[in-house]
Amino acid sequence: MAVEVAKLGFHWNSSSVSIPFAPRCRLKPLNPFQSSQRKLLAAPLSSSLVEEQPLSFTVPENFLIEALIGIQGRGRSASPEQLKEVELAVQNLEGLEGVPDPTSSGLIEGRWQLIFTTRPGTASPIQRTFVGVDLFSVFQEVYLRTDDPRVSNIVRFSDAIGELKVEAAASIKDGKRILFRFDKAAFSFKFLPFKVPYPVPFRLLGDEAKGWLDTTYLSHSGNIRISRGNKGTTFVLQKKTGPRQKLLSAISTESGVREAIDDLISQNQTVAKEQPELLEGEWQLIWSSQTETDSWLENAANGLMGTQIVKENGQLKFLVDILLGFKFSMDGTFVKTDTNTYDVMMDDAAILAGPFGVPMEMKSKFNMELLYTDDKIRITRGYSKIIFVHLRVGRSKKK
C-alpha cells in the first residue's frame, strides 16, 4: 500500500515506507501516585537552535517569535487561539518587504531549524509522529550555489544516537520556488562507523519523488524563513534562536538546561532596566532542578508540581491535577521583601472534586527569588533553593 512521505514541504509516495518530517515535545503530566524518582518536567516545548549571538528582530518578526514561544510539538499541540495568532504573524510577514528573490540570495544558504509547521491532514502518520516530538531536532539544509544544488531534511535523534538525512537534488525555478527530487537517504548512527541506507526506491517513484518549496518570506538578517510546500504545509524556520527559545529547546531535549538558564539570566541582566515583578496569570511548571520526589502532597504544597496562579493583591494559588477529575488546591499570599525576592505563605489547602472540596490542614512557608521573567517565561529559585521554570498559559481570572 502507498505510504506518503513528507519532509519540510517535500512529499512523495512509496509503496513500502514513509519518511517523516520531524519534532517538538509535549507537556508530560505528573502522576502524584508514582513513587519512582524523576525530574519534575512538565514538558518540552518550543523552539530551538545553534550558536549564541545577539539577535535582533523587526517588530513583525518579533510578533511571530512571541506567538511561537510556548507552543508545543512545533504546532502539534497548539490551541486554535495560538494557531490563529501564528497564522496572523505569518501573513503579516509575507505581506512585507523581505529579501527580494530569496532563492537568488546567499542568505537562504545554510542549515535551518524547523520551529513550526501546520502539518496538514495529508501528512503521513510517521511525519506527524516525528514533527510533534520535541526530543528530536529537525533541520533543513539549503545549498543552491554549488555544482550539485541540494536541499536536505534532517532528523537529529540526539548527539549520542545520530540522525536521519533525506536528500534531494534541487534547482531554482524563479525568485521564490525551489524544485526538488528526492534521490537518497541514510541513517548516521554514532555507534556505527558507516551509514545505514534508508530503504526507499527513489528512482522507481517517478514524479512522486518530486515537489517544490516556495520561500514566502526571508528576513534581511537571514535568520527567519517562511516557506510553503506543494502539499499546502506552512513552515517557519530559523538559523539562530534567542536565549528563551534555547531554554525551551534544552528542556525539550533534557540537555543543557542549567547552561541555558544561566545564559538567559546573564543576558537579561545586561539589558534589564526595571525591577522584576511577579506577573499575574496562570503559570505551568515545565522544569525543576529537583531530581527526586518525596510525598506528592508535600511537593504540591511547595509549588513543585502543576500550575501556579498569580492574582492581584498578593494572592497565590497552587493547583495540581491528581487523578480522575480530582485536584489539589492551595491558596496563600506573597509579599515582596527586596528587589527580586518574596516571602510566600501557603495555608489554605483542599482536595477538590468538581464544586466540592475537602479542607486539609497544611502550611508551607518559603522565600522565592525571581531570577527572570517576561510575558511568557518565568525562572525562580524557591523551596529548598530549587530552580523552577514556568510557562505562562493564561491570564489570571479576577474573582
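Rules used in this analysis
The numbers attached to residues start from 1 for each chain and follow its sequence in the written order. Predicted model: local features are reported for residues with pLDDT of at least 70 only, side-chain atom pairs are reported and counted for 80 or more only, and whole-chain, interface and lining totals are derived from all residues. To get the side-chain values, take all heavy atoms of the structure and skip hydrogens and water. For the purposes of this entry, the term helix denotes a DSSP run of H or I that reaches at least four residues, the term strand denotes a run of E that reaches at least two, and both are numbered from the N terminus. Exposure categories follow from relative accessible area, calculated using a 1.4 Å probe and restricted to protein chains: below 20% of the type maximum is buried, above 50% is exposed, and the middle band is partly exposed. In this description, contact between two residues means that some pair of their heavy atoms is separated by no more than 4.5 Å. Accessible areas in this description were obtained via Shrake-Rupley with a 1.4 Å probe; residue shielding takes into account the shown protein chains only. We treat two strands as partners when DSSP finds at least two bridges between them. For the purpose of charge, His is not counted, nor are the chain termini; Lys and Arg are scored as positive and Asp and Glu as negative. We count a salt bridge whenever a side-chain nitrogen from Lys or Arg sits within 4 Å of a carboxyl oxygen from Asp or Glu. Polar contacts, as used here, are pairs of N or O atoms within 3.5 Å; protein pairs need one atom able to donate a hydrogen and one able to accept it. Residues neighboring in sequence count only if both atoms are side-chain atoms. Whenever a helix is involved, its axis is fitted only over the stretch in contact; in every case the axis is a line through C-alpha atoms, and angles between N-to-C directions fall within 0 to 180 degrees. Here is the rule for angles: anything less than 35 degrees is roughly parallel, anything more than 145 is roughly antiparallel, 65 through 115 is roughly perpendicular, and the remaining ranges are oblique. In a left-handed crossing the near helix is turned counterclockwise from the far helix by less than a right angle, and in a right-handed crossing that turn is clockwise. By the convention adopted, Pro, Cys, Tyr, Trp, Phe, Met, Ile, Leu, Val and Ala count as nonpolar, Lys, Arg, Asp and Glu as charged, and the other residues, Gly among them, as polar. Take the number of residues in a helix, subtract one, and multiply by 1.5 Å to get its expected span. This arc describes the spread of directions from the helix axis toward the C-beta atoms.

Help me understand the overall build of the chain in this model?
When you go through the chain residue by residue, the secondary structure sums to six helices and 20 strands. A total of 399 residues make up the chain; the buried ones form 52% of that total. Partitioning the contacts of the chain with sequence separation of at least 6, the portion at a separation of at least 24 is 61%. Roughly 18,700 Å² of accessible area belongs to the chain as shown, and the carbon and sulfur atoms make up 53% of that amount.

How do you make sense of unusual backbone geometry when you look at a structure like this?
When glycine is set aside, most residues are seen to have a negative phi, and most peptide bonds are trans. Located in the positive-phi region is Leu324, a residue other than glycine, with phi close to 55°. Looking at the element boundaries, Leu324 is found in the loop between strand E14 (315–323) and strand E15 (326–336).

I tried to follow the pairing of strand E7 (residues 177–189) on my own but got confused; where do I start?
Within a regular strand, side chains alternate between the sheet's two faces. In this structure, strand E6 (residues 162–172) lies alongside E7, joined through eleven bridges in antiparallel fashion. Each residue of the ladder has a partner; that of Ala169, found in E7, is Arg181. In this structure, the hairpin formed by E6 and E7 is closed by a connection of four residues. Pairing analysis gives five bridges linking E7 to strand E9 (residues 210–218), with the strands arranged antiparallel. Bridged to Arg181 within E9 is Lys210. When E7 meets strand E8 (residues 196–197), the two strands line up antiparallel, connected through two bridges. Bridge assignment links Phe187 to a residue of E8, and that residue is Val196. Where E7 hands over to E8, the hairpin turn is made up of six residues, counted between the paired strands.

Can you help me understand the side chain of Glu61 in this one?
Position of Glu61 among the secondary structure elements: in helix H1 (residues 59–68). Although Glu61 is buried, it makes no salt bridge; Arg225 carries the closest opposite charge, 12 Å away. In contact with Glu61, not counting residues within four places along its chain, are Leu93, Tyr217, Ser219 and Ile224.

How should I be thinking about the environment of Lys239 in this particular structure?
Positionally, Lys239 belongs in the loop between strand E11 (234–238) and helix H4 (243–253). Accessibility expressed as a relative area gives 18% for Lys239, which makes it buried. A distance of 2.7 Å separates the side chain of Lys239 from the backbone oxygen of Leu107, its partner in a polar contact.

What exactly am I supposed to notice about the packing of H1 against helix H2 (residues 80–94) here?
Working note: a packed helix pair is described by the angle between its axes plus the distance between those axes. Between H1 and H2, whose axes approach to 9 Å, the crossing angle comes to 160°. In terms of orientation, H1 and H2 fall into the roughly antiparallel class. Like other packed secondary-structure pairs, H1 and H2 cross with a definite hand, here left-handed. On H2, the residues that touch Pro60, Glu61, Phe63, Leu64, Ala67 and Leu68 of H1 are Glu85, Val86, Leu88, Ala89, Val90, Asn92 and Leu93. Of the residues in the contact of H1 with H2, the class split is ten nonpolar, one polar and two charged.

Looking at this structure, I do not really get H2. What am I missing?
One full turn of an α-helix is made of 3.6 residues, so residues set three or four places apart face in the same direction. Compared with an ideal rise of 1.5 Å per residue, which puts 15 residues at 21 Å, H2 spans 21 Å between its outermost C-alpha atoms and is within 8% of the ideal. Every buried residue of H2 is listed here: Val86, Ala89, Val90 and Leu93. Angular distribution of buried residues about the axis of H2 spans 100°; they occupy a single face of the element. Within H2, the exposed residues directed more than 90 degrees away from the buried face are Pro80, Glu81 and Lys84. Those residues of H2 that are buried are in contact with H1, strand E3 (110–117), E9, strand E10 (224–229) and E11.

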